[in-house]
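# A structural walkthrough
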Amino acid sequence: MEKQNSFQNEPQRLHQNDGGKNDLQIILSLIMKNWYWFLLAASIALFCVRLYVKHTLPVYHTSTAILINETEDNRSLMGNAQILQGLGLPGGMRNLQNQIMILKSFALTETTLKELPFEIEFYSKGLRNRVSIYPVAPLRIVYENEIPLPRDTEVLFNYLGNNRFTIVSESDYFPYQKTASFGDTLEIQGENFMIECRNEEWFKINYNKKLYFTVHSRTKLIRSFAERINVQLMSREGSVLVISMYGTNRAKDMDFLNKHIEGFQAISLNQKNTEAERRIQFIDDQIVGISDSLSITENRLQQFRSSHRVMDLSAQGQAIIQQVTELENERARLNLEANYHDYLADYLAKDETGEMPIIPITMGITDPGLTRLVEELAELQGQLSARGAGVMNPLQRNLEQRVRNTKDALRETLNGLRRANSLARSENQEQINKANSQASSLPVTERQLLGIERKFRLNDELFTFLLETRAEQEMQKASNRADSEIIEPADARFSTQVSPNLIKLSFVALLASIGITFLVVYLKLLFNRKLKDEDLRKMTDLPVVGNIPHTTKKIKTIMFDDPSSPIAEAFRIMRTRMQFFTKESRAPVILVTSAMPEEGKTFTAVNLASVYSLLGKRTILVGFDLRKPKIFQDFNLSNESGVSTWLIGKDKLQDIIQKTSFENLSLISAGPVPPNPSELTALEKTGELLNLLKERYDYIIVDSSPIGVISDAYYLASLSDACLFVVKPGKTLKDMFVNTLNEIHVSGIKGVGLVVNDIQSSSKYYGYGEKYGYPSDKKRWRKHIFKRKKVK
């Protein structure tokens, strides 16, 4: 009993294909069987690599290195020089990220290309490449304003000898052909130009080469160079930038990088010189006014002394003039501070971004907040005004927003300082008035001399201070230098070739050829998802109840039409094995299903019902495939009523049972296709129908829809005593088979057995066990049966 139950409830689990050992065996087997494909693919790959390297221009890496000076120049002056010092260069433009953006900018690239002869490119042609001959330029195109030749159009130059040549342009929108001599005037679109020979020796050496040239458009040329510029920080601790390019002409890249660095250094140097010139111009403007005032007061003082014969002041007068002079200096400082405030207010009102403000280093403005804000604004304006920070700079919008925020904060600070300055000037004027009132007690002549000498001393001191400051600014301008230093200029001799790398390409091509070949072979095997005979014992432990051989006959009821055939015997053996599943059931319900359509499910159900009826058992075949009813056709019966009409209560049981032409075999067809077959099958009346049939029949064979596709069969399987799962090697999909087995296992369906249908065999005999075989013709069949009886 225990053995019977263990067989009946066979474990429904999947094997794991023997682990990694079998996987390795499969791989080795694939390689050994298809070794010639691997060899052919590797040979083709290596040949293609050789061909590619031969006809591909080498790409070189050319670089230069610069040091960004991060220390600020100390521009503070001592003593009275602090009054006018306010135009120092801000510390901006030294931030490394800003410097990197400037180096990679389109604006600086355009400036560099304007100074290089890259607009016209001379080259020859290989099989698939254009080979630039730079720095050699065998021709020179002479023109007045702008090159009249069309941009980005290839022109062929044929040297004919004796200073004769032909230029040909085969462009669709600008066809042109002309034969001329060097120095002749040529005309294109109303514009004149000449072609002169610069290197006749080159034409003699390369007489068999065709020379081409192209006039590049400015925009494309700038973009092509700017996109190839790569700037990296050499180390996180330092401030050395490495500027490099990848290109096929290392001489051209070398010239570009060196000129590019020159333009980059010129930005900061020109900016410093411009600021110095502004400071000097400001001082010159002040000197003009002070010089006139000094000359007038000096003449008045001399005339007064001559006319009144007074040479010096009394001790009281000296004390008063000393006090007033200090107050006047203070007033001059406050007035200069007020003038700076007015200048700064006008600057903010104009909202200009192309000019940096004068910075109040120590102009009597001791407020640190104002100094910090003006320095920050000057730094941001310097970044915006630099040619390198053009519209293509991704930091442009962020810089503009930061400038607006700094200006708003500066306006608030400036308003407070202007109020404080106004109060200080009022207080200073009161002190001057008080000192003047003290001077009123002096004699009239001395009082007049006091006023004239006071103005003379003030103008003389200011004039001397301005001259000293101007000399210092001239020295500062002469000592200006760029914010960067060239550590290592670009040199074509040290350019390294980065591609094509023959060894690397060969290795990659070899691996790729082997990998692709293996992938193709493996996919060919992998995509063969059909189930094979040998897969069954590897993929499941379910018992095989029946093995039905292949037949070419188109007979459905083969048990009645060809009872002596090997297929009929196969169903008899299946009937015997089914006793292990149905032994304890008085009227067993046997469900026949499959993973997918067209696997022989209906054929198996028809002949299994037939083989039971041949034993004299009352057998009924129930067609529960409500979606595709066709079992009635095999017996030439009607499908007007059946399971569907009984489930909806339209017909009674005796109305749907049909007698077949074979004894002990009845049929209930599926009936008309309902709109809701799944819901009908799931009704409790399905179980009621099977129970009623158990009372009338010995065996109930149910032909259901494919369990791997339709869910109806799961409910029917739960009502059945045994479930036959039909598979067809060469037809059943592995994935579908595995998924269906998993679902059956999860659903807890018991009593499941496999029926292997349509087994192919190269022999005329199909054996069951090791002792019996059946010939393909009836004569040999009878002879075979006779031998079996004789042995017995």
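Criteria and thresholds
- Residues numbered from 1 in each chain as written.
- Predicted model: local features only at pLDDT ≥ 70, side-chain atom pairs only at ≥ 80, totals over all residues.
- Heavy atoms only, no water.
- Core = buried A, V, L, I, M, F, W, Y, C linked by side-chain atoms within 4.5 Å.
- Buried < 20%, exposed > 50% of the residue type's maximum accessible area, 1.4 Å probe, protein only.
- Helix = DSSP H or I, 4+ residues; strand = E, 2+ residues; numbered from the N terminus.
- Contact = heavy atoms within 4.5 Å.
- 1 Å grid on protein atoms, 1.4 Å probe; cavity = no way out; pocket = protein on both sides within 12 Å on 5 of 7 lines; lining within 4 Å.
- Points joined across faces, edges and corners; volume = space filled by probe spheres on them.
- Nonpolar A, V, L, I, M, F, W, Y, C, P; charged D, E, K, R; others polar.
- Phe/Tyr/Trp six-rings, centres within 6.5 Å; stacked < 30°, edge-to-face > 60°.

## A short note on the nonpolar core
By size, the foremost hydrophobic cluster in this structure holds 44 residues, and its most contacted members are Val622, Ile668, Leu693, Ile700, Val702, Phe725 and Phe737. Of all hydrophobic cores here, the second largest spans 32 residues; its members include Val611, Ile631, Leu665 and Ile701.

## Section: the environment of Pro629
With respect to the element layout, Pro629 can be found in the loop between strand S17 (619–623) and helix H19 (643–647). By relative accessible area, Pro629 is classed as buried at 18%. Excluding its chain neighbours within four sequence positions, the residues that come into contact with Pro629 are Asn639, Ala670, Gly671 and Val673.

## A few points about the layout of surface pockets
Empty space within the second largest pocket amounts to approximately 810 Å³. Going through the elements one at a time, strand S15 (544–549), helix H18 (601–613) and strand S22 (752–759) are the ones with two or more residues in the lining of the second largest pocket. It is H18 that provides the largest number of residues to the lining of the second largest pocket, a total of 3 residues. For the lining of the second largest pocket, the class distribution of residues is 11 nonpolar, 9 polar and 13 charged.

## Brief notes about the packing of aromatic side chains
All told, the structure shown has 20 aromatic pairs when counted by the stated rule. Here the aromatic rings of Tyr36 and Trp37 are separated by 5.7 Å at their centres, their planes lie at 45 degrees, and the arrangement is tilted. Residue Tyr36 is classed as partly exposed on the basis of its relative accessible area, which comes to 41%. Here the aromatic rings of Phe518 and Tyr522 are separated by 6.0 Å at their centres, their planes lie at 10 degrees, and the arrangement is stacked. Here Tyr522 and Phe518 lie together in helix H13 (residues 502–526), a separation of 4 residues that amounts to about one turn. For Phe518, a relative accessible area of 23% puts it in the partly exposed group.

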